[in-house]
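In case you want the letters, here they are:
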Amino acid sequence: MNNPQQSDWFHGDSSQPDNLSASEKYLMLVNHMQQGFCIIEVLFDETGQPLDYRFLEVNPVFEQQTGLVDPVGKTMRELQPAHEQHWFDTYAQVVKTGQPIHFENQAAHLAGGVWYEVFAFPFGPATNHQVAILFDDITARKKAEAALRASQKQQTYLLKLADTLRMYADQPNMPTIACQLLAQELGAIRVNYAEVKTNTYVVEHEYHSAGLSSMIGQYAISSFRPNEQTAFKAGRTVVISDIEAEANVTDEQVAAYADLNVRAFISVPLLRHGKLVVVLSAIREQPGPWQPEEISLVEETAERTWTAHERARAEETLRASEQKYRTLFDSIDEGFHISELIYDQAGQPVDYRFLEVNPVFEWQTGLQNTVGRLSSEIAPNVESYWLQAYHQVVQTGQPIRIENYNQATDRWYTAYTSRVGGADNRQFVVVFDDITERKQAQEALRHSEEQFRMLVTASSDIVYRMNPDWTQLHRLIGTTFPADIQDSNATWLQTYIPAEDQPQIQQLIQEAIRTRTPFELEHRIMRADGTIGWMFSRAIPMLDEQGTIQSWLGASSDITARKQAEEVLQESNRRKDEFLAMLGHELRNPLATVSNLLLVLELTDGTDENLSYPKAVRLMSREVRYMTRMVDDLLDVGRIRYGLIQLHKQPIDLVTLVRQTVEVAQPLYEQQQRQLSLALPPYSLVMQGDETRLKQVLMNLLTNGLKYTQPAGHVWVSLELADNSALSKQALLRMKDDGIGIAADRQEAIFDIFVQGETTLDRPQGGLGLGLAVVKQLVALHDGSIEVRSEGPGQGSEFLIRLPLTLEVSGSVTTGPSISSSAKSKGRVLVVDDNQTLADMTARLVELSGYEAQTSYSGADALLVAQQWRPDMMLLDLGMPHMDGFEVKRRLTEQPWGNTISVIALTGYGQEPLKAQTDQAGFAAYLLKPLNLLRLRELLRAIMPPGNSDS
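What you are looking at is a predicted structure, and each value in this text was computed from that prediction instead of being measured. (Residues numbered from 1 in each chain as written. Predicted model: local features only at pLDDT ≥ 70, side-chain atom pairs only at ≥ 80, totals over all residues. Heavy atoms only, no water.)

**Student:** Outline the overall build of the protein chain, listing residues and values.
**Tutor:** Helix and strand content of the protein chain: 26 helices and 33 strands. Counting only residues that meet the buried cut, the protein chain has 45% of its 951 residues in that class. Looking at the protein chain alone, contacts between residues at least 24 apart form 58% of all its contacts between residues at least 6 apart. Accessible surface computed for the protein chain: about 48900 Å², of which carbon and sulfur atoms make up 51%. (Helix = DSSP H or I, 4+ residues; strand = E, 2+ residues; numbered from the N terminus. Buried < 20%, exposed > 50% of the residue type's maximum accessible area, 1.4 Å probe, protein only. Contact = heavy atoms within 4.5 Å. Areas by Shrake-Rupley, 256 points an atom, 1.4 Å probe, with all protein chains shown as cover.)

See the structure below:
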């Protein structure tokens, strides 16, 4: 059929380089052939009747000749619901019989009603239901046939031509036979079939009468007359009745035509996509007019012959390509299979069916007779990973490469998977290879390198290589170091090393380069987040045979955590050393005093008028109390830090508690020439608290104020509502002094353990630096808070304690028992301790307090004495050998007379759980060694009040 398009018709090059692969030739042919081409998948219903077909592949000419846009992946009924049923039946026949078919038919609903000449043949395995179709728009030819139908002769010729073209469809000389048939029909002496290749007119097929010379050969297009060239470019048929009568014909051209016996001719050019592809010429040696029927006959012959010839070429190329692919797939070392995914009703992949495999597939997998069978039938334990991977390829159309283990075959595979056809196709192709041996080799290699990598991982955060002058760095292993530096003009040290450290490091680097010796240094480095860290770096020069440095191989480890830990440890050690020094100092002072007092008493037998026995006892008692407070503070810190202290809370009037504590401290202040002032509200401030611990808080603060004020200094104590409101839930206790003050940078630290405001060697204030730490923790246990304020050294200090109050108090408020110097009524007290000296001295204290006392030095003896003497109270040591205090208490309770004895636990162990254990065992109270005389007298008075003694 003629096409009047005009565009670059001389630039088409139909030659194909010999070095193209079969697949490349196939793609070139399909994409550049002038016929429509597509591959379809015929869709059947359950009874095997054709329902529809889906387009899997089309060439560019397809859309031009059908008018269907973007057909790939869509079905014909989606694109044109009115498409005639005979098309579906015909292609279904090709699938079912496996035989190709050639036919012409009309598609009334495509492109306004088009006639096609179609060659359809099965493509690929029969299970695919795929058909390859070559077709051409023959609407114009059909119209010409209708015009020629009136002429029986022309009709007979066309039928004969069609038969001939079909008969010789697989013969390379098909155009030659068509030329002969046309010459016989027209009475022509020559008929040439010339293909145009790179501006050259190539005659490969012809017919000529006997005695005439052949025109087989190549002719330059430029050798044709200009008007002929113009007509060819436009796709117009050239009709010459008498060449000698034509205008613009030179004598030389007339002579050239005469040599070939050319006097009249018809030349029919065929254009495809605006390019000249074929010229069919019929020639007579006598002049005379050409009839319209003859001109139409030549044009129809050109169209049919070119179409049949191109189709034959395409079929041959497809056959050759498929054979080459089949040979390739059967001979490649990789396994190959085409399969179809099976989905459940929810659209999830559940299985796949093998459609085609190559021989290597069976050899690499060990699976046989797989075609047409489900994967689950052959290998039920295939991992879901493979199903999901195939599903991803089918859904997205994106090929993927997989490397994974297959449990069913106990092998490793690498597989390249891609989808077959369009988006609606569930088929996929897999090319795979067994890489088990490679994996085993890699594992062996990995194992052989494991020690090295473990060493690098354990010792370094990064391994790197540098050029000889250290200006370029390339990371080999690791991720924590700065990025690679390839710019030789840049100095990475200036970027990543702090400026103040650069001179030293540069000097060490230059020294290492000069001496060609290893570089080793712990140094600071700027991290990616802008912070400064520490690294340990070691670099070794790599030398050539001449001893020249070729590069440096280095390793660096991040030691920031270690450096920080060292700093913390150093600070901790410093504070520990300071504390131990303080502890030694604070213990030696009172011990020295006691030792000296005892020495003087021994030397003078108590006759020294400057040191009487009462005075010596008073002085030694003071030093013992001091040491007792230090030990108590140490124990309290440990108990509080480890959560071992338990508060015995009850309603307490803070006003009374503060007044009593200040009264106790007042003599100390007067003795050391300090002033102590107290301001209390006229109403009660009641809270739930532990009376003993709260008194300890106040006494520690009062002692602290006494230490850090000068002689004639002043300490003010006040108690008030936190916001001066009767509805307030907090009491505010202020303790202010005009002492040495606290520097701003030490105000937070003074509540830490072992911290004091003064740390000089003379240490005039003394103490271990534990008092405020205990205060803060005890206040916190009461749900309160403490803060310190000071304008700085010499400006005094103020401590503010806030404690929660109760708005309503039920029951009585504890104000603490009053303390007297001695009891006026008698009672019986049995002191039990395996330390005889301590037992005797404790009994003496009881006697000095106005009570009768006896001693026992073991648990068994204590039970006998108690049975005979029947004491009112027993001071019982818990840590005795053979029978401890708990066992004595248990046996005592079993006796009817023993239930009337109040047993007080006496121990040197201060752990809170032990106190809880004594409560559970039924002890009346719990006393720590050394005894607090005031506390002892309180218990004596409470247990044996005046007038209740039986003695």
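**Student:** So what about the sheet that holds strand E31 (residues 873-877)? Which residues, and what values?
**Tutor:** The five strands are arranged E30-E29-E31-E32-E33 in an open sheet whose pairing can be described as parallel. With one partner strand each, in any of the chains shown, strand E30 (852-856) and strand E33 (925-928) form the two edges of the open sheet. Ignoring strand direction, the axes of neighbouring strands in this sheet form an average angle of 20°. Sheet topology places strand E29 (residues 828-832) next to E31; four bridges connect them, and they run parallel. Of the residues in E31, the one forming a bridge with Val831 is Leu875. (Pairing = 2+ DSSP bridges. Axes fitted to C-alpha atoms, helices over the stretch in contact; angles between N-to-C directions.)

**Student:** Explain helix H26 (residues 933-943) residue by residue, including any values.
**Tutor:** The set of residues buried in H26 consists of Leu936, Arg937, Glu938, Leu939 and Leu940. Two or three places before Leu934, at the start of H26, stands the capping residue Asn932, its side-chain oxygen 3.0 Å from that residue's backbone nitrogen. (Polar contact = N/O pair within 3.5 Å; in protein donor to acceptor, adjacent residues only side chain to side chain.)

**Student:** Tell me about the pairing of strand E21 (residues 549-558), and name the residues and values.
**Tutor:** Bridge count between strand E17 (residues 462-466) and E21: five bridges; the pairing is antiparallel. Within E21, the residue paired with Val463 across the bridge is Ala555. Taken together, strand E20 (residues 532-543) and the strand that follows it, E21, pair antiparallel across an intervening segment of five residues, in which Gly547 is found at a positive phi of about 85°.

**Student:** Report on the UniProt feature "modified residue: 4-aspartylphosphate" (unreviewed entry) in the protein chain, specifying residues and quantitative values.
**Tutor:** Here the UniProt feature "modified residue: 4-aspartylphosphate" (unreviewed entry) sits at Asp877. Tracing the sequence through the fold places Asp877 in strand E31. By relative accessible area, which is 4% here, Asp877 ends up buried. Contact partners of Asp877, with chain neighbours within four places excluded, come to Val832, Asp833, Asp834, Gly885, Leu906, Thr907 and Lys929. (UniProt positions renumbered as here; feature names shortened; annotations may be inferred.)

**Student:** I'd like to hear about empty space enclosed by the protein, residue by residue, with values.
**Tutor:** This model, assessed by the stated rule, comprises nine cavities of 30 Å³ or more. Empty space within the second largest cavity amounts to approximately 160 Å³. Surrounding the second largest cavity, 16 residues form its lining, Tyr53, Thr66, Trp87, Tyr91 and Leu110 being those nearest its centre. Breaking the lining of the second largest cavity down by element, the ones donating at least two residues are strand E2 (50-58), helix H2 (60-66), helix H4 (85-97), strand E4 (114-122) and strand E5 (130-137). The residue makeup of the lining of the second largest cavity, split by class, is 14 nonpolar, two polar and no charged. (1 Å grid on protein atoms, 1.4 Å probe; cavity = no way out; pocket = protein on both sides within 12 Å on 5 of 7 lines; lining within 4 Å. Points joined across faces, edges and corners; volume = space filled by probe spheres on them. Nonpolar A, V, L, I, M, F, W, Y, C, P; charged D, E, K, R; others polar.)

**Student:** Quick rundown of the packing of aromatic side chains? Include the residues and the values.
**Tutor:** Going through the model one piece at a time under the given rule, you end up with 26 aromatic pairs. Between Phe62 and Phe135 the ring centres are 5.8 Å apart and the planes differ by 85°, which places this aromatic pair in the edge-to-face class. Here Phe62 is found in helix H2, whereas its partner Phe135 is found in strand E5, with 73 residues between them in sequence. Residue Phe135 is classed as buried on the basis of its relative accessible area of 5%. A ring pair is formed by Tyr257 and Phe265, whose centres lie 5.9 Å apart and whose planes are at 25°; its orientation type is stacked. Grouping aromatic residues by their ring pairs yields a cluster made of Tyr53, Phe55, Phe62, Trp87, Phe88, Tyr91, Phe103, Tyr116 and Phe135. When the ring centre of Phe88 is taken as reference, the NZ or CZ atom of Arg77 above it lies at 4.0 Å. Over the ring of Trp306 we find Arg272, and its NZ or CZ is 4.5 Å from the ring centre. (Phe/Tyr/Trp six-rings, centres within 6.5 Å; stacked < 30°, edge-to-face > 60°. Lys NZ or Arg CZ within 6 Å of the ring centre and 35° of its normal.)

**Student:** Please set out unusual backbone geometry residue by residue, giving values where relevant.
**Tutor:** The residue Trp470 is not glycine, and still its phi comes out positive at about 70°. Along the chain, Trp470 turns up in the loop between E17 and strand E18 (473-478). Here the phi dihedral of Asp783 falls at roughly 60°; this positive angle occurs in a residue that is not glycine. Along the chain, the position of Asp783 falls in the loop between helix H21 (771-781) and strand E27 (785-789).

**Student:** Any details on the sheet that holds strand E28 (residues 797-804)? Residues and values, ideally.
**Tutor:** Strand order in the open sheet formed by five strands is E23-E25-E26-E28-E27, and the pairing between neighbours is mixed. Sheet topology places strand E23 (675-679) and E27 at the edges, where each strand pairs with a single neighbour. Direction aside, neighbouring strands of the sheet carry axes that sit 15° apart on average. Along the sheet, helix H19 (residues 654-671) contacts E23, strand E25 (714-721), strand E26 (730-737) and E28; its crossing angle with E23, the most-contacted strand, is approximately 170°. Relative to the sheet, helix H20 (residues 691-707) contacts E23, E25, E26 and E28, its axis offset from that of E28 by approximately 175°.

**Student:** Could you give an account of the environment of Leu611, naming the residues involved and the relevant values?
**Tutor:** Within the fold, Leu611 resides in the loop between helix H17 (560-604) and helix H18 (613-641). On a C-alpha basis, the gap between Leu611 and Val600 in space is 8.1 Å, while along the polypeptide they are 11 residues apart. In this structure, Leu611 is in contact with Leu597, Val600, Leu601, Ala616 and Leu619, ignoring residues within four places of it in sequence.

**Student:** Could you give an account of the environment of Lys615, with specific residues and numbers?
**Tutor:** Inspection of the secondary structure puts Lys615 in helix H18. The partly exposed category is assigned to Lys615, whose relative accessible area is 33%. When the C-alpha positions of Lys615 and Leu597 are compared, they lie 9.8 Å apart, and in sequence the two are 18 residues distant.

**Student:** I'd love a proper account of the packing of H19 against H20, names of residues and values included.
**Tutor:** With their axes 10 Å apart at the nearest point, H19 and H20 run at an angle of 40° to one another. Classified by the angle their axes make, H19 and H20 are oblique. Here the hand of the crossing between H19 and H20 comes out right-handed. Touching Leu654, Leu657, Val658, Gln660, Thr661, Val662, Val664, Ala665, Leu668 and Tyr669 of H19 are Glu691, Leu694, Lys695, Leu698, Met699, Leu702, Gly705 and Leu706, all from H20. The class makeup of the residues in the contact of H19 with H20 is 13 nonpolar, three polar and two charged. (Parallel < 35°, antiparallel > 145°, perpendicular 65-115°, else oblique. Left-handed = near helix turned anticlockwise from the far one by under 90°.)

**Student:** Account for the side chain of Glu84, naming residues and giving values.
**Tutor:** Position of Glu84 relative to the elements: it lies in the loop between helix H3 (76-79) and H4. Of the side chains bearing the opposite charge, Arg77 lies closest to the buried Glu84, which forms no salt bridge; the N-O distance is 8.9 Å. Separated by 3.0 Å, the side chain of Glu84 and the backbone nitrogen of Ala108 make a polar contact. Aside from chain neighbours lying at most four places away, what touches Glu84 is Gln106, Ala107, Ala108 and His109. (Lys, Arg positive; Asp, Glu negative; His and termini not counted. Salt bridge = Lys/Arg side-chain N within 4 Å of Asp/Glu carboxyl O.)

**Student:** Explain helix H25 (residues 912-921) to me, using residue names and the numbers behind them.
**Tutor:** Residues of H25 that are buried: Glu912, Leu914 and Thr918. For H25, the angular spread of buried residues about the axis comes to 160°, placing them on one side. Positive phi appears at Gly922, one or two residues downstream of H25, with a value of about 95°. (Arc of directions from axis to C-beta.)

**Student:** Can you explain the pattern of salt bridges? Please cite residues and give values.
**Tutor:** Side chains that differ in charge, positive against negative, can pair when their charged atoms come close. Applying the stated criterion across every chain, the model contains 43 salt bridges. With a shortest N-O distance of 2.7 Å, Glu294 and Arg284 are connected by a salt bridge. Placement of the pair is Glu294 in helix H10 (residues 292-331) and Arg284 in strand E11 (residues 275-284), with a sequence separation of 10 residues. Each of the two residues, Glu294 as well as Arg284, counts as buried. Salt-bridge contacts for Arg313 lead to Glu310; the nearest nitrogen and oxygen are separated by 3.1 Å. On the criterion of helical spacing, the pair formed by Arg313 and Glu310 is a turn pair, its members being three residues apart in helix H10. Among the residues examined, Arg313 registers a relative accessible area of 32% and is labelled partly exposed. Assessed through its relative accessible area of 11%, Glu310 is described here as buried.

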